[in-house]
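Next come the chains, spelled out residue by residue.
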Amino acid sequence: MAQTQYDVGIIGGGIVGCTMLFELTRQGYSCIMMEKNQYIMSEASAGNSGMLHTGFDAPLNSLEQHCIKSGHKGMFDVINKFNIPHKTCGTVLVAWTEKQNEIIPELRQKAHEAGILDVDFMSVSELYKKEPFLRQGAHGTLFVPGETIVDSNLLGLCCAHHATLQGAKILTNCEVLGFKDRTLNTSCGPISPAVTINCAGLYGDLVDNLAGLNTFSIKPRRGQYCVFGKNLNLVNSIIMPVPTEKTKGVGVFNSVYNNLVIGPTAEDVPSRTRPPLCDPKTHNYLTQTGRWIIPELNSFHPVGQYTGIRPATQFKDYQIRTYPQLGWITVGGIRSTGVSASLGTGQYISEKLQSDMSLELNRGMAKNINELHWEVGNNNNSSIIIEGCHYKVPHPIFQYGHQNVESKL
Ligand SMILES: Cc1cc2nc3c(=O)[nH]c(=O)nc-3n(C[C@H](O)[C@H](O)[C@H](O)COP(=O)(O)OP(=O)(O)OC[C@H]3O[C@@H](n4cnc5c(N)ncnc54)[C@H](O)[C@@H]3O)c2cc1C
């Protein structure tokens, strides 16, 4: 017998699925989330930079920019309530050539057109006051004060946990294998929610195919990172190059746990699977790039590395579509800003459930966001306990952040 008591069935327990579950449960929908892996937050969402972007450089008037901006303020309410480590340190975009410097006014203009008005030029002398260990020779800088580092894995885990406290159900080791007449055929048996939301990230196109849909293809884009030790005190902000059409470029930043991190790369790859280690050539390239940007890093050696795969598609923008006749919503192609946009995406879908899917709620106010407290588990620094419940934390940044490995050469 299919389980039919749910308004919403969410496929995929990455950051998009977990925040969706949080938001829709809070709005009063009865929700179930199905995750094929043993642990939630373990695919694309376990290999990112962990930045809450402001959307200053997202394509103007894109859905991506809309979701980032609309969820931005609420995101801080959530991370404060859940005691998620974060730090608003801002980003400096550094032009290393005159040609790059010519692009900076355009980026500032674009940010202002998007309504992000605190993005401004920073003089080279101010830059070196802020970043005394930065290589000499910068031509110009754009400062984006709102950019924030966050533990995005904890954010997803806490959102999922909060949803369960408000009645949501999470099934792990539950793969969705088929879809017919609004019934999901899963490895845990049939489930028939009124509306299914495909948040399957790197597998979003394949899951859409199960519903007979074929509007985009996932083009996996790998990012690799090199991690140095903690508390090196060599950078104060997120130091990025001037972006190109294809990539934001390789940056240097401190994780929320104060490891110095270099990355990410952006490489189109055939595989959707995240390798645990960088390829040696890229690891060396990242180490040397970091040392070029911050010469003092020559006195330190990397203590770790990790990779992530972005669920990019042939399109620039997010692929969000509603199919009322199928009872299906696709939330796909959330490629490189999924953390920043996650809450806004959940809110956007909440509106779509009523406007497009006629899933009206007989509800009053949205439920409160309750405070959550968590502590590190005893399991090799890769788990947390949220109010008695154990969760694996798959993101290496959390794991490196809770180890003390000497980085000095
Ligand atoms: C290198 C890199 C750097 C990034 N940096 C940032 C950043 O700084 N800031 C930012 O905002 N964003 C960043 N991102 C983007 C962000 O990480 C992604 O947008 C986000 O993780 C995508 O989340 P998701 O939930 O869509 O996908 P996923 O995390 O992949 O989750 C999808 C889930 O669906 C499950 N699933 C798939 N198929 C099925 C099925 N058939 N049945 C059941 N479950 C299924 C998968 O197992 C998976 O757990 C970065 C990404 C990368 C890779």
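Each chain carries its own residue numbering, running from 1 in the direction its sequence is written. Note on the predicted model: pLDDT of at least 70 is required for a residue's local features to be given, and 80 or more for side-chain atom pairs to be given and counted; whole-chain, interface and lining totals, by contrast, use all residues. Just so you know, side-chain values use all the structure's heavy atoms and leave hydrogens and water out.

- If you check an unreviewed UniProt entry, the chain appears there as FAD dependent oxidoreductase domain-containing protein from Arion vulgaris.

1. Notes on the domain arrangement of the chain
And step 1. By domain assignment, the chain separates into domain 1 (8-69 + 152-217 + 315-401) and domain 2 (86-148 + 218-313).
And step 2. Domain ranges listed in this record stem from an automatic or a database domain assignment. If you average the C-alpha positions of domain 1 and of domain 2, the two centres end up 27 Å apart.
And step 3. Contact criterion: two residues are considered in contact whenever any of their non-hydrogen atoms come within 4.5 Å of each other. Domain 1 puts 42 residues into the contact, and the matching count from domain 2 is 40 residues.
And step 4. Buried surface at the junction of domain 1 and domain 2, both sides included, amounts to about 3600 Å², of which 58% is carbon and sulfur.
And step 5. Buried area: the accessible area, evaluated with a 1.4 Å probe, that two parts lose upon being put together, summed over both parts. When residues of domain 1 are sorted by the area they lose upon contact with domain 2, Phe56, Leu202 and Tyr400 head the list and together hold 22% of the total.
And step 6. With a shortest N-O distance of 2.8 Å, Asp205 and Arg272 are connected by a salt bridge.
And step 7. Only DSSP runs of H or I with at least four residues qualify as helices, and only runs of E with at least two residues qualify as strands; both kinds are numbered from the N terminus onward. At the level of elements, strand E3 (51-52), helix H2 (63-81), helix H6 (204-210) and helix H9 (396-401) are the ones that each hand at least two residues to the side of domain 1 that touches domain 2.
And step 8. In terms of residue count, the dominant contributor to the side of domain 1 that touches domain 2 is H9 (five residues).
And step 9. Following the grouping adopted for this structure description, the nonpolar residues are Ala, Val, Leu, Ile, Met, Phe, Trp, Tyr, Cys and Pro, the charged ones are Asp, Glu, Lys and Arg, and the polar ones are all others, Gly among them. Its residues assigned to classes, the side of domain 1 that touches domain 2 shows 19 nonpolar, 17 polar and six charged. The salt bridge criterion pairs a side-chain nitrogen of Lys or Arg with a carboxyl oxygen of Asp or Glu, the two atoms within 4 Å.

2. A look at the pattern of salt bridges
And step 1. Counting across every chain of the model gives 11 salt bridges.
And step 2. Arg335 is paired through a salt bridge with Glu64; the nearest N and O atoms lie 3.2 Å apart. Remark: Glu64 occurs in helix H2 and Arg335 occurs in the loop between strand E21 (328-332) and helix H8 (338-355); sequence separation between them is 271 residues.
And step 3. Here the term buried applies to any residue with accessible area under 20% of the maximum for its type, exposed to any over 50%, and partly exposed to those in between, with areas from a 1.4 Å probe on protein chains only. Using a relative accessible area of 18% as the deciding quantity, one classes Arg335 as buried.
And step 4. Across the pair Arg221 and Asp268 runs a salt bridge whose closest N-O atoms are separated by 3.0 Å. Remark: Asp268 occurs in strand E18 (residues 267-268) and Arg221 occurs in strand E14 (residues 218-230); sequence separation between them is 47 residues.
And step 5. Taken together, the shared-partner salt bridges connect Arg222, Glu267 and Asp279 into one network.

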